Every structure is written in structure tokens, then in C-alpha cells.
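Spelled out, the chains give:
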Amino acid sequence: MKLLLFAGSALFLGVLYYWLFRAPDGVVFLAYLPERTPITDDSMLQSLIGWLPTFIHVFAFSIVTALVLGVHYACFSCCLWGSVNAVFEAGQALPDSILDHLPELLNLQDYLKTGTFSLMDLAACLLGAAGAWLLLGYFHTTEQLSEDSSVH
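Residues numbered from 1 in each chain as written. Predicted model: local features only at pLDDT ≥ 70, side-chain atom pairs only at ≥ 80, totals over all residues. Heavy atoms only, no water.

Caption draft 1: Structural context of the pattern of salt bridges. Applying the stated rule across the entire model yields one salt bridge. The shortest N-O distance in the salt bridge between Asp100 and Lys113 comes to 2.4 Å. Note that Asp100 is positioned in the loop between helix H5 (96-99) and helix H6 (108-114) and Lys113 in helix H6, a separation of 13 residues in sequence. (Salt bridge = Lys/Arg side-chain N within 4 Å of Asp/Glu carboxyl O. Helix = DSSP H or I, 4+ residues; strand = E, 2+ residues; numbered from the N terminus.)

Caption draft 2: Expanded view of the nonpolar core. Counting residues in hydrophobic clusters, the biggest one holds 18 residues, and the most contacted among them are Leu3, Phe59, Ile63, Leu135 and Leu136. Listing elements by their share of this core, those giving two or more residues are helix H1 (2-21), helix H3 (52-69), helix H4 (74-91) and helix H7 (119-151). The residues contacting Phe59, other than those within four sequence positions of it, are Phe6, Ala10, Gly128, Gly131, Ala132 and Leu135. (Core = buried A, V, L, I, M, F, W, Y, C linked by side-chain atoms within 4.5 Å. Buried < 20%, exposed > 50% of the residue type's maximum accessible area, 1.4 Å probe, protein only. Contact = heavy atoms within 4.5 Å.)

Caption draft 3: Inspection of the packing of aromatic side chains at higher detail. Summed over the entire model, instances satisfying the criterion amount to seven aromatic pairs. Considering the side-chain rings of Tyr17 and Tyr18, the 5.9 Å spacing of their centres and the 90° angle between planes classify their relative orientation as edge-to-face. Since its relative accessible area comes to 3%, Tyr17 is described here as buried. Considering the side-chain rings of Phe88 and Tyr111, the 5.9 Å spacing of their centres and the 70° angle between planes classify their relative orientation as edge-to-face. Placement of Phe88 in helix H4 and of Tyr111 in helix H6 is noted, with a sequence separation of 23 residues between them. According to the relative accessible area criterion, Phe88 is partly exposed, its value standing at 34%. The class for Tyr111 is partly exposed, based on a relative accessible area of 42%. What links up through ring pairs into an aromatic cluster is the set Phe6, Tyr138 and Phe139. (Phe/Tyr/Trp six-rings, centres within 6.5 Å; stacked < 30°, edge-to-face > 60°.)

Nothing here speaks to function; it is geometry throughout.
Here it is as C-alpha cells:
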């Protein structure tokens, strides 16, 4: 339950970030939230915390996936979501001539063409996966210790 709370809190922070800092027409789910204008267009602030949604996405989805599959799949779920996000981030660096050959699936071409490649986002993929893996390992270890001590 604590892990689900961690994941839910992280996702809430991600939604809050998008609601506060991103244009409402830039993200699909913002259409379901009360409309507001972004707090700032400050590029300095964006460069400092623009990687946060990537970190949160990898972190939260890694935890949720591990909870669904079983915590013994923690490494798999963290690698999966870190890799998925890294591939999408790297895809944003591809030239339009390559992106034009992608199938029109879920608006993927537009996402990759309008996105901005960032090394900080790639680092956030790694850090989100590592953070989730460490947290999952911590809770799995403490859960095992409490089960072992209650048996004696």
C-alpha cells in the first residue's frame, strides 16, 4: 500500500507540474482539468526542472508495473519504463525525414516532431528507474524482514 501511495503521489506531482507549467493545449489530459494559463514561460526554470515529468513517469510507472507483476519483477519493470522513455526521448532527436516514414500510430509523428530532445530527460529516465528500483528493493527487504521476525 505504501508503494502505491508513492506512485500515486508521484503521478499527482506530475499532473500538477503539467497543469502549472505547460500550455493547456499541449497535453491531452489537461483538457479534463480546470483551465489556467501556465505560471511562467521562464526558460531558465524549464531548464532546471523540465526533466521532472520524465523522472516521475519512469518512477511511478515502474512501481505500478512491479506491483501488478509482483515485486520480484522490479528490475524488469524499471528497465522497461526507463527504456521506453529513453526511446521516446531519443526519437525526438531524429530528423523529420526519418520520422515521416513512421506509421501514423497514436499521433506518434507529431509527438516526436514537436518534442524537444534533452540529455537531462535521458538522465531522468535512468534516475527514475534507479529510484524506483531502490525504493522497491527497500520495501521488499523491509517486508521480508518483518515477515521473518513475526515468524519467530
